[in-house]
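Below are the chains, spelled out letter by letter.
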There are 2 protein chains.
Amino acid sequence: MGISAASRTEIDFPTDPVSLRALIRGGRYAGQTSGLAPGRVQANLAILPADWASEFLLFCHMNPKPCPVLAVTSPGDPVFRTLGADVDVRTDAPRYKVFREGVVVDEPSDLLDVWRDDLVAFAIGCSFSFEEALIETGLRIRHHEQGLNVPMYVSSIDTNPTPRFSGKMVVSMRPFRPADAIRAVQVTSRYPSVHGAPVHIGLPGQIGIGDLSRPDFGDAVAINGDELPVFWACGVTPQSVAARAKPPLFISHHPGAMLITDLLNHQLSVL
Amino acid sequence: MGISAASRTEIDFPTDPVSLRALIRGGRYAGQTSGLAPGRVQANLAILPADWASEFLLFCHMNPKPCPVLAVTSPGDPVFRTLGADVDVRTDAPRYKVFREGVVVDEPSDLLDVWRDDLVAFAIGCSFSFEEALIETGLRIRHHEQGLNVPMYVSSIDTNPTPRFSGKMVVSMRPFRPADAIRAVQVTSRYPSVHGAPVHIGLPGQIGIGDLSRPDFGDAVAINGDELPVFWACGVTPQSVAARAKPPLFISHHPGAMLITDLLNHQLSVL
């Protein structure tokens, strides 16, 4: 899902989130947002009809580690009023995926044609925020160093189901030396609204992951012999669960092309 | 180092720490203190002549994880004024070890004959406090369940040395399933004055531990295939470092026979 280097290097990205959203809204960028607007919270998106949204909110509430809800819009209102200045979910993510009955039917760069008066949008926390906190504490993120996407796996951990939403938890993996893994637990525990502490460490077979070199999403990364794999609940979970429920309409951001908010990552720290 | 069951069952231990210290001070109990005075902080002891004490304080300051100092007495003053009502280091631990030039010369039940006007006593945090916090959060401590002492190992981790004090860090080990190990990191991180977060997890060979079934102190415990060994800095470290420095006089509590204070374990939580 990477964008070409050319498309990113052609653009002189503003660092302030308002200008960056204006650039994206203007159709001038439709790629990944990792590393853009440093320090700002980026969000996963899930958009559903109102008659599915309240149950989805319940599902998120019952599964806060994979589905930490940052904000919810009112039905038909495309603006996230708590995430910044004029954050319009229809236009401000670089690219989207539109599912009908669980099948991807379009990958547009805006939702102006597909928006409806009954749609409810969820902004869900993203690992970019806790990765920034890990880097600030001096840790190094392997997939960043290797220029890859984080490896993600469909685990054997069941989410807590609602009548229409259920499925396995998707987890992301970052390898660390043991002392750094302990530090990573401490740092990410401060960020429950962006997946929080890891859900597993060290024994992938226990959560149904047989081969770390074959992730279900993203890229495999090197794991050294002195490192443990550390697993966090992943924001791909709500997307896969929502698509699996086959609602008549479901829209997510395009992988890696997140909604950039005005919130500071540091504002999400509970301590 | 266990005491006979008879000696503990013969006594109707008061739960309040003042009465319990009075009982111990009266010479009516000289055994281990695990489980006595629930909720109260118990402390490791290290007592040194004043001309060694300031360097020992520096050593502790440089090595806060194995040597978290709870209180220090003034030279010659046997009373820990911040640890409770009339806490006398000469009489209020059940039993002591007296070292001269690094060699154990006596294991008395009080220090009235050996006390000197130049002695300085250190109360150092003990894992009993964080074990209580782990139990309160629903975790189970393997060596408790097996009725054993915690396994301890001399690791390959160097302490930060001062001119006269140096040596390897002693670590204690408790096995947990991965999700419980993550919870244990969170809970013990709140207790930096009683060793705090683990120093290592999962890969004992990396810290010089070749065989978990052969601890250097304490007892081997069962580790199941779905568990990781989790290692904490241990309060045996300051004792072994002090004995190794061969001061003319050094006194510690007897292993497991701690000084019981009036402080509540919950008071040590930083969050």
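Everything here concerns the structure above.
Residues numbered from 1 in each chain as written. Chains lettered and ligands numbered in written order. Predicted model: local features only at pLDDT ≥ 70, side-chain atom pairs only at ≥ 80, totals over all residues. Heavy atoms only, no water.

Caption draft 1: Fine view of the sheet that holds strand E11 (residues 228-233) of chain A. All names here are of chain A. Judged by pairing direction, the sheet is antiparallel, and its 4 strands sit side by side in the order E8-E9-E11-E10 without closing on themselves. The open sheet has two edge strands, strand E8 (152-158) and strand E10 (200-201), and neither has a second partner. One ladder, built from 2 bridges, connects E10 with E11; its direction is antiparallel. Along E11, the bridge assignment pairs His-200 with Phe-231. (Pairing = 2+ DSSP bridges. Helix = DSSP H or I, 4+ residues; strand = E, 2+ residues; numbered from the N terminus.)

Caption draft 2: Main features of the pattern of salt bridges. All names here are of chain A. Applying the stated criterion across every chain, the model contains 28 salt bridges over all chains. Of the charged contacts in the structure, one is a salt bridge between Arg-81 and Asp-77, with a shortest N-O distance of 2.9 Å. Judged by its relative accessible area of 17%, Asp-77 falls in the buried class. When the shortest N-O distance is used, the salt bridge between Asp-158 and Lys-168 registers 2.8 Å. (Salt bridge = Lys/Arg side-chain N within 4 Å of Asp/Glu carboxyl O. Buried < 20%, exposed > 50% of the residue type's maximum accessible area, 1.4 Å probe, protein only.)

Caption draft 3: Geometry of helix H6 (residues 178-189) of chain A. Here H6(A) contains 12 residues, and its C-alpha end-to-end distance of 17 Å stays within 8% of the 16 Å for a straight helix at 1.5 Å per residue. Among the residues of H6(A), A:Pro178, A:Ala181, A:Ile182, A:Ala184, A:Val185, A:Val187 and A:Thr188 are the ones counted as buried. The elements touched by buried residues of H6(A) are helix H4 (127-136), strand E9 (168-176), E10 and E11 of chain A together with helix H6 (178-189) and strand E10 (200-201) of chain B. (Expected span 1.5 Å × (residues − 1). Contact = heavy atoms within 4.5 Å.)

Caption draft 4: Local environment of the relation of the copies chain B and chain A. Here chain B sits on chain A after a turn of 180° about the axis and a move of 0.0 Å along it, with an RMSD of 0.0 Å. The superposition operator between the copies reduces to a two-fold rotation axis. When C-alpha distances to the rotation axis are compared across chain B, the minimum falls at B:Gln186, with a value of 3.1 Å. (Least-squares fit on C-alpha atoms with pLDDT ≥ 70 in both.)

Caption draft 5: Local environment of the packing of helix H4 (residues 127-136) of chain B against H6(B). Residue and element names in this part refer to chain B. Running from N to C, H4 and H6 cross one another at 125°; their axes reach a closest spacing of 9 Å. Judged on the interaxial angle alone, H6 and H4 are oblique. Judged by the twist between their axes, the crossing of H4 over H6 is right-handed. Two secondary-structure elements touch here, H4 through Phe-130, Ala-133 and Leu-134 and H6 through Ala-184, Val-187 and Thr-188. Each residue belonging to the contact of H4 with H6 can be placed in one class, and the counts come to 5 nonpolar, 1 polar and no charged. (Axes fitted to C-alpha atoms, helices over the stretch in contact; angles between N-to-C directions. Parallel < 35°, antiparallel > 145°, perpendicular 65-115°, else oblique. Left-handed = near helix turned anticlockwise from the far one by under 90°. Nonpolar A, V, L, I, M, F, W, Y, C, P; charged D, E, K, R; others polar.)

Caption draft 6: Quick peek at the pairing of strand E11 (residues 228-233) of chain B. All names here are of chain B. For E11, a buried count of 6 out of 6 residues is recorded, marking the element as mostly surrounded by other parts of the structure. Covered by surrounding structure in E11 are Leu-228, Val-230 and Trp-232 together with Pro-229, Phe-231 and Ala-233, the residues of both alternating faces. With 6 bridges connecting them, strand E9 (residues 168-176) and E11 associate as antiparallel partners. Note that in E11 the partner of Ser-172 across the bridge is Trp-232.

Caption draft 7: Focus on the side chain of B:His253. Residue and element names in this part refer to chain B. Mapped onto the fold, His-253 is located in strand E12 (residues 250-253). From its side chain, His-253 meets the backbone nitrogen of Leu-45 in a polar contact 3.0 Å long. Residues in contact with His-253, not counting those within four places in the same chain, are Asn-44, Leu-45, Arg-95, Tyr-96, Lys-97, Gln-239 and Met-258. (Polar contact = N/O pair within 3.5 Å; in protein donor to acceptor, adjacent residues only side chain to side chain.)

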